Each structure stands twice: as structure tokens, then as C-alpha cells.
Amino acid sequence: ANDEIITEIRLPRWPAGRRWGFQEFSRRRGDFAMAAAALFYDLDGEGRATNAHVGVIGVGDRPRRLSTVEAVLNGQRIDTGIIAKAEAATSAAVDPQDDIHASAAYRRALVGTMVERALLRAIA
């Protein structure tokens, strides 16, 4: 209500096998990101990704969750081959617009690279 204030937020602990990554690109430190990717996935008992979540910004008028990229990751061991497929699926799943900062083609390639780097961070 208008006369209330949040004083605490409790979030559940992440599972021990959860992997995550975040990458963003901006022209200068502190600028808004031209493209960014945030992701996480859990590992099953055989080292395969489950429950993958992939979100991107900078390629539309709002953040987007990429279920097609999540489908590429789920059930797979995350290695360089799967990462390359996820990067390609990311670029294919977005339809950015040209603007004064970058062309649509540049943003499409850039967000794919951000997903690639976030996945490399997650497996490190």
C-alpha cells in the first residue's frame, strides 16, 4: 500500500548444480548496454543442462526470454559445439531495429556473442 515499505526480501538458495553467466556490451563504461545476455541452467546427475533460462536485452523494446535457445541447451552437455548452436539460435531468434547506435545486423551478431560469452562463463 502507499503507506508501506519493503524491508526485506528472501530468495531461496540456488541448487548446488546451477550454472550461470551474464555478459553485456556498451560503448563506454556506465553506458546503457547495446546488448546483454543473462542465463542459468541446472545440471542433472549426468552433467546435462536442465531448466535453462536465457534472457537478452538490447535487441527489442523490452527484455526477451529466448525459449528456442533454452531448447538448444536443455538435455545437452554444454560444450563448445552446443555453445555455437546456442549462439546461432540466439541470432536467429531476435529481430532488432537499426538505430543511431548500431545496425540491426550488428546487434543480432552482438547478442549472439553475449550468449556465447555468458555460456563460457557458466562452464568455467
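Right, let's talk about the sheet that holds strand E3 (residues 49-57) for a bit. Pairing in this open sheet of four strands is antiparallel, and the strands run E1-E2-E3-E4 from one edge to the other. Each end of this open sheet is capped by a strand with a single partner; those strands are strand E1 (19-25) and strand E4 (64-65). In the sheet, E1 pairs with strand E2 (residues 35-43) via seven bridges, with the strands oriented antiparallel. From the neighbouring strand, Phe22 faces E2, where its bridge partner is Ala38.

Taking 1.5 Å per residue, 14 residues should reach 20 Å; helix H2 (residues 80-93) reaches 20 Å between its end C-alpha atoms and fits that length. Regarding H2, the residues found buried are Ile82, Ile83, Ala86, Ala89, Thr90 and Ser91. The inward-facing, buried residues of H2 abut helix H1 (67-73) and helix H3 (104-123).

If a residue is not glycine, its phi is most likely negative; likewise, a peptide bond is most likely trans. With phi around 55 degrees, Asn51 is a residue other than glycine that occupies positive phi space. With respect to the helices and strands, Asn51 occurs in strand E3. Among the residues examined, Asn51 registers a relative accessible area of 37% and is labelled partly exposed.

This part covers the pairing of E3. Bridging between E2 and E3 involves seven bridges; their strand directions are antiparallel. By the bridge assignment, Leu43 is partnered in E3 with Ala49. The hairpin formed by E2 and E3 contains five residues between the paired strands, and Gly47 there has a positive phi angle of roughly 80 degrees. Count of turn residues in the E3/E4 antiparallel hairpin: six residues, of which Gly58 carries a positive phi of about 90 degrees.

Between side chains of opposite charge, pairing is possible as soon as their charged atoms come close. Counted according to the given criterion, the structure contains eight salt bridges. In this structure, the salt-bridge partner of Asp61 is Arg62, at a minimum N-O distance of 3.4 Å. For Asp61, a relative accessible area of 67% corresponds to the exposed category. Since its relative accessible area comes to 55%, Arg62 is described here as exposed.

Looking now at the nonpolar core. Within the largest apolar cluster, 27 residues are counted, with the highest numbers of intra-cluster contacts made by Leu39, Tyr41, Val56, Leu73, Ile78, Val115 and Leu119. When contributions to this core are tallied by element, the ones reaching two or more residues are E2, E3, H1, H2 and H3. Among the elements that take part in this core, H3 stands out by supplying seven residues, more than any other. Excluding residues that lie within four positions of it along the chain, Val115 makes contacts with Ala37, Leu39, Val54, Val56, Ala86 and Thr90.

Moving on, we get to the side chain of Arg107. Examined against the element boundaries, Arg107 turns out to sit in helix H3. Taking relative accessible area as the criterion, Arg107 reaches 7% and is therefore assigned buried. Of the polar contacts made by the side chain of Arg107, one reaches the backbone oxygen of Gly58; its length is 3.2 Å.

Rules and cut-offs
Residues numbered from 1 in each chain as written. Predicted model: local features only at pLDDT ≥ 70, side-chain atom pairs only at ≥ 80, totals over all residues. Heavy atoms only, no water. Pairing = 2+ DSSP bridges. Helix = DSSP H or I, 4+ residues; strand = E, 2+ residues; numbered from the N terminus. Expected span 1.5 Å × (residues − 1). Buried < 20%, exposed > 50% of the residue type's maximum accessible area, 1.4 Å probe, protein only. Contact = heavy atoms within 4.5 Å. Salt bridge = Lys/Arg side-chain N within 4 Å of Asp/Glu carboxyl O. Core = buried A, V, L, I, M, F, W, Y, C linked by side-chain atoms within 4.5 Å. Polar contact = N/O pair within 3.5 Å; in protein donor to acceptor, adjacent residues only side chain to side chain.

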